[in-house]
Amino acid sequence: MTEDPFVAHRSLLFTVAYEMLGSAADAEDVLQESWLRWADVDQTQVSDARAYLVRVVTRQALNRLRTLSRSREDYVGEWLPEPLLTSPDVAEDVELAESVSIAMLTVLETLGPTERAVFVLREVFEMPYGEIAEATGKSAAAVRQIGRRAREHVAARRPRVQVSRSEQQAVVERFLGALRTGQLQQLMEIMAPDVVLIADGGGVAAAALAPIHGAGPVAKVLARANRVEVAAFEATTVWLNGAPAGRIDVDGEPAAVSLVMENGRVTQIYLVRNPQKLTRLDEPAELAR
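So, how was this worked out
- Residues numbered from 1 in each chain as written.
- Predicted model: local features only at pLDDT ≥ 70, side-chain atom pairs only at ≥ 80, totals over all residues.
- Heavy atoms only, no water.
- Helix = DSSP H or I, 4+ residues; strand = E, 2+ residues; numbered from the N terminus.
- Polar contact = N/O pair within 3.5 Å; in protein donor to acceptor, adjacent residues only side chain to side chain.
- Contact = heavy atoms within 4.5 Å.
- Buried < 20%, exposed > 50% of the residue type's maximum accessible area, 1.4 Å probe, protein only.
- Arc of directions from axis to C-beta.
- Pairing = 2+ DSSP bridges.
- Axes fitted to C-alpha atoms, helices over the stretch in contact; angles between N-to-C directions.
- Left-handed = near helix turned anticlockwise from the far one by under 90°.
- Nonpolar A, V, L, I, M, F, W, Y, C, P; charged D, E, K, R; others polar.
- Phe/Tyr/Trp six-rings, centres within 6.5 Å; stacked < 30°, edge-to-face > 60°.
- Lys NZ or Arg CZ within 6 Å of the ring centre and 35° of its normal.
- Core = buried A, V, L, I, M, F, W, Y, C linked by side-chain atoms within 4.5 Å.
- Salt bridge = Lys/Arg side-chain N within 4 Å of Asp/Glu carboxyl O.
- pLDDT = per-residue confidence, 0-100.

Asker: I'd like to hear about the side chain of Thr15, residue by residue, with values.
Answerer: The topology assignment puts Thr15 in helix H2 (residues 10–21). Among the polar contacts made by the side chain of Thr15, one reaches the main-chain amide nitrogen of Ala288 at a distance of 3.0 Å. If we ignore the near neighbours within four places in the chain, the residues touching Thr15 are Leu96, Val100, Phe125, Glu286, Leu287 and Ala288.

Asker: Requested: an account of helix H12 (residues 215–223), with residues and values cited.
Answerer: Ala215, Val218, Ala219, Leu222 and Ala223 are the residues of H12 that are buried. Take H12 and look down its axis: the buried residues cluster within an arc of 125°, on one side only. In this structure, the buried residues of H12 make contact with helix H10 (165–181), helix H11 (184–190), strand S1 (191–200), strand S2 (212–213) and strand S6 (265–272).

Asker: Account for the sheet that holds S1, naming residues and giving values.
Answerer: Each strand in a sheet pairs with another by means of backbone hydrogen bonds, the pair being arranged parallel or else antiparallel. Pairing is mixed in the open sheet, where six strands are placed in the order S2-S1-S6-S5-S4-S3. Both edges of this open sheet fall to S2 and strand S3 (233–240), since each of them pairs with a single strand only. Here strand S4 (residues 243–250) pairs with strand S5 (residues 253–262) via five bridges, running antiparallel. Among the inter-strand pairings, Arg247 is bridged to a residue of S5, identified as Ala256. Each of S3, S4, S5 and S6 touches H10; the most contacted strand, S3, lies at about 165° to it. Packed on one face of the sheet, H12 meets S1, S2 and S6 and runs near 50° to S1.

Asker: Describe in detail the packing of helix H7 (residues 113–124) against helix H8 (residues 129–136), supporting the description with residues and values.
Answerer: One way to put it is that H7 packs onto H8 with a least axis distance of 10 Å and a crossing angle of 150°. Crossing geometry of H7 relative to H8 is assigned as right-handed. Residues Ala117, Val118, Leu121 and Arg122 of H7 lie in contact with H8, whose contacting residues are Tyr129, Ile132, Ala135 and Thr136. Taken together, the residues of the contact of H7 with H8 sort by class into six nonpolar, one polar and one charged.

Asker: Run through the packing of aromatic side chains, naming residues and quoting values.
Answerer: Applying the stated criterion to the full structure yields three aromatic pairs. With a centroid separation of 6.0 Å and 5° between ring planes, the pair formed by Phe14 and Tyr18 is classed as stacked. In this pair, Phe14 and Tyr18 both sit in helix H2, four residues apart, roughly one turn of the helix. Each member of the pair Phe14 and Tyr18 is classed as buried. Between the aromatic rings of Trp38 and Tyr52, the centroid separation amounts to 5.8 Å while the plane-to-plane angle is 50°, which identifies the pairing as tilted. In this pair, Trp38 sits in helix H3 (residues 24–39) while Tyr52 sits in helix H4 (residues 49–71), placing the two residues 14 residues apart along the sequence. Over the ring of Tyr129 we find Arg122; its NZ or CZ atom is 4.1 Å from the centre of that ring. Sitting over the ring of Trp79, Lys277 keeps its end group 4.0 Å from the ring centre.

Asker: I'd love a proper account of the nonpolar core, names of residues and values included.
Answerer: With 50 residues, the main nonpolar core has Phe14 and Leu108 as its most contacted residues. Setting aside its immediate chain neighbours within four residues, Phe14 contacts Ala24, Ala27, Glu28, Leu31, Leu84, Arg280, Glu286 and Leu287. Among the nonpolar cores identified, the runner-up in size contains 29 residues, and Val163, Ala219, Val257 and Leu271 belong to it.

Asker: Just give me the short version of the pattern of salt bridges, but keep the residues and values in it.
Answerer: Taken as a whole, this structure holds 17 salt bridges when the rule is applied. For Arg64, the salt bridge is made with Glu33, and the minimal N-O distance between the two is 2.8 Å. Note that Arg64 is positioned in helix H4 and Glu33 in helix H3, a separation of 31 residues in sequence. Among the ionic pairs, Arg148 bridges to Glu152, the shortest N-O distance being 3.7 Å. Of the two residues, Arg148 and Glu152 are both situated in helix H9 (residues 140–155); the distance of four residues between them amounts to about one turn of the helix.

Asker: Give me H8: which residues, what numbers.
Answerer: Every buried residue belonging to H8 is among Tyr129, Ile132, Ala133, Ala135 and Thr136, and all of these are buried. Mapping the buried residues of H8 onto a view down its axis gives an arc of 165°, with all of them on the same face. Residues of H8 that are buried in the fold lie against H4, H7 and H9. Looking one or two residues past H8, Gly137 carries a phi angle of roughly 75°, positive in sign.

Asker: So what's going on with the confidence of the model for the chain? Residues and values would help.
Answerer: On average, residues of the chain carry a pLDDT of 91, and 97% of them reach 70 or more. When the elements of the chain are averaged for pLDDT, H11 gives the smallest value, 89, and S2 the largest, 97.

Asker: Which residues make up the environment of Ser69, and what values do they have?
Answerer: Topologically, Ser69 is positioned in helix H4. The class of Ser69 is partly exposed, set by a relative accessible area of 34%. Between the alpha carbons of Ser69 and Asn241 there is a distance of 22 Å; along the sequence they are 172 residues apart.

Listed below in structure tokens is the structure:
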């Protein structure tokens, strides 16, 4: 029996939806909606199932994104993407790993829905402008203009320094080691003077409501984490969104921390504590281009 094209391309379709939405839960909902539409199609009339399915998923993700963009305006505190546990193999595809990084997904949040869709489909999945035009309901000429604006927007905001995975892992392990001891000086030595901490508690878990700037203030907040009265504090290295990162468990409650670094020092810290965004930390997500 020939495998259904939707099943064969599911990892790709999930990745498209996740990169457009920054949420695995919403991406799964989009895939469910897309599957129902695919089931009603006369598949014998579809010449390129992969391209067709990407278009369906893109349209559903755009609809969801427009709805979410309104609800996220009411989100309590900072909104960060939902972290995914990934296998180290994802890092082998450098472009894929960069595109699903928490830092990049956070930058993509600053794009409008159509800009984000065009950027993801063109820059990450290398789709032809004509296919993107069909998926987004725009002309090919408009898609080219939107893509140019989106590239310029992302280029001005994305982390520019490329760090080897081995160096990234070493810095993550040093950072988590300092976090375990709660030593202010150790933490400050690992962080750049102008480091920024962005935390997402969603109004459910304790987290700073605005970014914290500077090594001193950030170190004080982080050092406090294992000084409160807790029975158990664990900080372990894991692979999140295609890169070495950290999982922190305080009395069994998980948190995820992703780092951006330059010259061996941490420049940005993304800390997700909202439990609704931490349901994908136990089984690696299947991502593909």
